[in-house]
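Letter by letter, the chains look like this.
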Amino acid sequence: MDKDYILKRLNSAEHIPLDELNNYLISKDKDIKHEAWNYVLRNLKSLDKKYLLYLLQFPDTGTRYRAWNEVPVLIKDGLLTLNEVRELIEYFFEMLKDDNITVRALSWYVTLIPLIEIGLVKKEELVQYYKWLCDLEMEELEEIKTELGVKC
């Protein structure tokens, strides 16, 4: 399919079948992948709960990372429960040691603290992942290391 056609579909009010949406969410084309995620965000309340849970386990960790960022909103809006998400917490923990440095750093820097604040993640559970945090030598992560009491 033509990129312009796909982008127009993703930006329209048209319903996109989930298998097709999944293909866009794993696209190598960053524009398509980005617009596919925007489609998800615009349609969060109309997406099936099973699909929302699937996004938290999504094979592409770039998309999975984005899904985990939405967890506090999904819970607050009653689309998912804390218990439903907690059953999938290992998929979040995997991102704390992901080979994709961007996904790993953003999972520590952006996603983690809100998940701690809503009671989904306990600081003690993170100790086994500190090695992967310490491997990231980024100034932005110093605040997280301090907050968690991590000495690298």
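Calculation criteria
- Sequence order as written defines the numbering, with residues in each chain counted from 1.
- Per-residue local features are limited, in this predicted model, to residues with pLDDT of at least 70; the limit for side-chain atom pairs, both in listing and counting, is 80 or more; totals at the level of whole chains, interfaces and linings are taken over all residues.
- Excluding hydrogens and water, the side-chain values take into account all heavy atoms of the structure.
- Segments assigned H or I by DSSP are reported as helices when at least four residues long, segments assigned E as strands when at least two residues long, and all are numbered from the N terminus.
- Computation of the radius of gyration draws on C-alpha atoms, with the globule rule given as 2.2 Å multiplied by the number of residues to the power 0.38.
- Buried, partly exposed and exposed residues are distinguished by accessible area as a fraction of the type maximum, computed with a 1.4 Å probe on protein chains only: under 20%, between the cut-offs, and over 50%, respectively.
- In what follows, a contact means two residues having at least one pair of non-hydrogen atoms within 4.5 Å.
- Under the convention used here, Asp and Glu are negative, Lys and Arg are positive, and both His and the chain ends fall outside the count.
- Here the site of a charge means atom NZ of a Lys, CZ of an Arg, CG of an Asp or CD of a Glu.
- Polar contact is defined as a pair of N or O atoms within 3.5 Å, subject to the rule that within protein one atom must be able to donate a hydrogen and the other to accept it, and that residues adjacent in sequence are counted only when both atoms are side-chain atoms.
- Two cysteine sulfurs form a disulfide in these notes if their separation is within 2.5 Å.
- An expected span of 1.5 Å times one less than the residue number is assigned to each helix.
- The angle between axes fitted to the seven-residue stretch ending at a residue and the seven-residue stretch beginning at it gives the bend at that residue.
- What counts as a ring pair is set by centres within 6.5 Å for rings of Phe, Tyr and Trp (its six-membered ring), and what kind of pair is set by the plane angle: stacked under 30 degrees, edge-to-face over 60, tilted for all other angles.

Engineer: Residues and numbers for the overall build of the protein chain, please.
Structural biologist: On a plain count of helices and strands, the protein chain comes out with eleven helices and zero strands. Here the C-alpha radius of gyration of the protein chain, 16 Å, is about what a compact globule of 152 residues would show, namely 15 Å. Summarising its shape, the C-alpha atoms of the protein chain cover approximately 50 × 30 × 20 Å along the three principal directions. In the protein chain, buried positions account for 47% of the 152 residues. Residue pairs in contact within the protein chain that sit at least 24 positions apart in sequence constitute 61% of those at least 6 positions apart. For the protein chain, the centre of its 21 positive side-chain charges and the centre of its 28 negative side-chain charges are spaced 2 Å apart.

Engineer: How would you summarise the side chain of threonine 111 if you had to cite specific residues and measurements?
Structural biologist: In this structure, threonine 111 sits in helix H9 (residues 101-117). Residue class for threonine 111 comes out buried when judged on its relative accessible area of 2%. Looking at threonine 111, its side chain comes within polar contact range of the side chain of asparagine 69, at 2.5 Å.

Engineer: Can you explain the state of the cysteines? Please cite residues and give values.
Structural biologist: Counted under the stated rule, the structure contains one disulfide. The partner cysteine of cysteine 134 in its disulfide is cysteine 152, sulfur to sulfur 2.0 Å. With the S-S dihedral at roughly -75 degrees, the linkage between cysteine 134 and cysteine 152 falls on the left-handed side. Placement of cysteine 134 in helix H10 (residues 130-134) and of cysteine 152 in the segment after helix H11 (142-148) is noted, with a sequence separation of 18 residues between them.

Engineer: Could you give me a rundown of H9, with the residues and numbers involved?
Structural biologist: Compared with an ideal rise of 1.5 Å per residue, which puts 17 residues at 24 Å, H9 spans 24 Å between its outermost C-alpha atoms and is within 8% of the ideal. Bending of H9 peaks at approximately 45 degrees at the position of threonine 111, with proline proline 114 no more than four residues after it. The set of residues buried in H9 consists of Val103, Arg104, Ala105, Ser107, Trp108, Thr111, Leu112, Ile113, Leu115 and Ile116. Residue asparagine 100 occupies the N-cap position of H9, its side-chain oxygen lying 2.9 Å from the main-chain nitrogen of threonine 102. One or two residues past the end of H9 sits glycine 119, with phi positive at roughly 85 degrees.

Engineer: Requested: an account of the packing of aromatic side chains, with residues and values cited.
Structural biologist: Under the counting rule described, the total for this entry stands at six aromatic pairs. With centroids separated by 5.8 Å and ring planes inclined at 40 degrees, the aromatic side chains of tyrosine 51 and tyrosine 54 adopt a geometry described as tilted. On the criterion of helical spacing, the pair formed by tyrosine 51 and tyrosine 54 is a turn pair, its members being three residues apart in helix H4 (residues 49-55). When its relative accessible area of 5% is taken as the criterion, tyrosine 51 is described as buried. Since its relative accessible area comes to 31%, tyrosine 54 is described here as partly exposed. Ring geometry for tyrosine 54 against phenylalanine 58: centres 5.4 Å apart, planes inclined by 70 degrees, an arrangement best described as edge-to-face. An aromatic cluster is present here, built from Trp68, Phe92, Phe93, Tyr129 and Trp132 joined pairwise through their rings.

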